[in-house]
Amino acid sequence: MIVLDGKKTAADIKEEIALEVVELKRRENIVPHLAAVIVGNDGASITYVNAKVKACERVGFESSLIRLPENTTEDDLLNEINILNVDKDIDGFIVQLPLPSHIDEQKIIMAIDPEKDVDGFHPTNVGKMALNLPTFISATPYGILELLDRYNVETSGKHVVVIGRSHIVGSPMSILLAQKRKVGNATVTITHSRTKNLKEITLQADIIIAALGIPEFLKADMIKDDVTVIDVGITRVPDSRKKSGYRLLGDVDYEEVSKKASFITPVPGGVGPMTIAMLLKNTLIACRNKI
Ligand code: L34
């Protein structure tokens with residue numbers, strides 16, 4: 001069993017980006033600038049956004065963190081997005097999800113200038129992604145492609161089973177892996193909460209992408225030997241023995257599944273850090289697109 005080390009791979013990617021930043025500065029005298037907007041006080045979201053800001057510092061990007069209170073109105077947020085859309089200094093920005101329930105997420109995403117949408121969530125960019133045209137591929141699916149690539153996990157002709165149909169992960173992941181691309185050419189089955197006989201399907205998988213958000217959902221009896229398992233889940237469960245008061249669980253029963261798998265991502269240290277590295281990559285692309 002080989003652990004797909006997202007932390008190490010993300011560090012490698014950040015090192016590569018840092019070198020490119022030095023070149024950009026030298027040749028064009030520009031420095032990529034990412035902004036992140038966060039609304040409210042969700043602990044996990046704050047952790048992720050802080051990690052994004054820290055990653056910017058690490059690679060030599062400029063970053064701006066815009067923290068708005070929980071009671072921010074939809075209009076206030078739309079206004080903030082407009083400011084970022086027209087700010088020549090900002091190459092790309094994200095609005096961290098989830099948003100408070102009184103704000104319509106789709107409306108917010110649609111307000112972002114597609115050229116600055118480094119999350120790749122705008123319908124224009126999702127459409128381009130689905131057509132295999134150049135665009136920002138959402139950071140989590142992009143990170144998974146990159147991890148499979150760097151560990152030389154063969155996807156061509158393989159049966160990939162994606163569990164979960166979210167707009168952020170399950171849906172784009174199944175589209176991308178079926179495409180004619182370096183990490184692609186797979187036969188993809190997308191499954192979700194209404195799927196019948198899920199176990200019969202997962203037992204046929206060469207690669208499983210677990211992205212449903214139920215801790216330790218994928219058990220060892222649901223997989224065949226030598227499968228590759230990508231665990232996208234990241235749930236905080238209360239744990240009084242931890243200093244933080246919680247521990248992180250993925251969607252995979254790692255203890256048992258890792259015994260049968262050929263490749264597996266850990267949680268933490270798997271897909272999460274890759275998401276951050278690929279957001280930086282997209283920001284670098286956004287900055288280059290302006291030259
Ligand atoms: N707009 N919203 C927007 N873009 C995104 O790309 C995200 N996502 C998801 C949630 N909402 C978003 C993230 O940033 C998930 N996500 C994310 C990013 C980083 C990590 C996890 C999720 C991460 O760094 N995880 C660490 C552990 C962090 C911890 O201690 O809690 C890991 O090793 O998995």
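Above this text is the structure in question.
Rules behind the numbers
- Residues numbered from 1 in each chain as written.
- Predicted model: local features only at pLDDT ≥ 70, side-chain atom pairs only at ≥ 80, totals over all residues.
- Heavy atoms only, no water.
- Pairing = 2+ DSSP bridges.
- Helix = DSSP H or I, 4+ residues; strand = E, 2+ residues; numbered from the N terminus.
- Axes fitted to C-alpha atoms, helices over the stretch in contact; angles between N-to-C directions.
- Near = heavy atom within 4 Å.
- Polar contact = N/O pair within 3.5 Å; in protein donor to acceptor, adjacent residues only side chain to side chain.
- Areas by Shrake-Rupley, 256 points an atom, 1.4 Å probe, with all protein chains shown as cover.
- Nonpolar A, V, L, I, M, F, W, Y, C, P; charged D, E, K, R; others polar.
- Disulfide = S-S within 2.5 Å.
- Core = buried A, V, L, I, M, F, W, Y, C linked by side-chain atoms within 4.5 Å.
- Buried < 20%, exposed > 50% of the residue type's maximum accessible area, 1.4 Å probe, protein only.
- Contact = heavy atoms within 4.5 Å.
- Parallel < 35°, antiparallel > 145°, perpendicular 65-115°, else oblique.
- Left-handed = near helix turned anticlockwise from the far one by under 90°.

Caption draft 1: Structural context of the sheet that holds strand β4 (residues 92-95). One open sheet holds the three strands; their spatial order is β3-β2-β4, and the pairing between them is parallel. Among the strands making up the open sheet, the edge pair consists of β3 (62-68) and β4. Neighbour to neighbour, the strand axes of the sheet diverge by 15° on average, direction disregarded. Here strand β2 (residues 33-39) pairs with β3 via seven bridges, running parallel. Bridge pairing links Val39 to Leu68 in β3.

Caption draft 2: Broad picture of the site of the ligand. Near the ligand lie 17 residues; those nearest to it are Lys52, Val95, Leu97, Asp119 and Gly269. Gln96 has a polar side-chain atom sitting 3.2 Å from a nitrogen atom of the ligand. Contacts to the ligand include Gly269, whose backbone N or O atom sits 2.7 Å from an oxygen atom. In isolation the ligand has 680 Å² of accessible area, and contact with the protein removes 83% of it. Taken together, the elements giving at least two residues each to the shell around the ligand come down to α2 (43-59) and α10 (271-289). Among the elements that line the shell around the ligand, the one with the most residues is α10, at four residues. By residue class, the composition of the shell around the ligand is nine nonpolar, five polar and three charged.

Caption draft 3: Here's a closer look at the state of the cysteines. Using the criterion set out here, one finds zero disulfides in the structure. Cysteine Cys56 shares no disulfide, and the gap to the nearest cysteine sulfur, in Cys287, comes to 12 Å.

Caption draft 4: Main features of the nonpolar core. The biggest cluster of nonpolar side chains holds 50 residues, and the ones touching the most others in it are Ile17, Phe61, Ile144, Leu177, Ile209, Ile230 and Val232. If you list the elements that add at least two residues to this core, you get α1 (6-28), β2, α2, α6 (139-150), β5 (159-163), α7 (170-178), β7 (207-210) and α10. By residue number, the principal contributor to this core is α10, which donates 10 residues. Discounting chain neighbours no more than four positions away, the residues touching Ile144 are Met173, Ile209, Ile230, Val232 and Val271.

Caption draft 5: Examining the sheet that holds β7 more closely. On the basis of which strands lie adjacent, the open sheet formed by six strands has the order β1-β11-β8-β7-β5-β6 and parallel pairing. Edge positions in the sheet fall to β1 (2-3) and β6 (187-191), since each has one partner strand and no second. Note that β7 and strand β8 (residues 228-231) share four bridges and pair parallel. Residue Ile209 lies in a different strand from β8, and its bridge partner there is Ile230.

Caption draft 6: Examining the packing of α2 against α10 more closely. With their axes 10 Å apart at the nearest point, α2 and α10 run at an angle of 55° to one another. The orientation of α2 relative to α10 falls into the category oblique. In this structure, the crossing between α2 and α10 has a hand that is right-handed. Residues Tyr48, Ala51, Lys52, Ala55, Cys56 and Val59 of α2 form the contact with α10, whose participating residues are Ile276, Leu279 and Leu280. For the contact of α2 with α10, the class distribution of residues is eight nonpolar, no polar and one charged.

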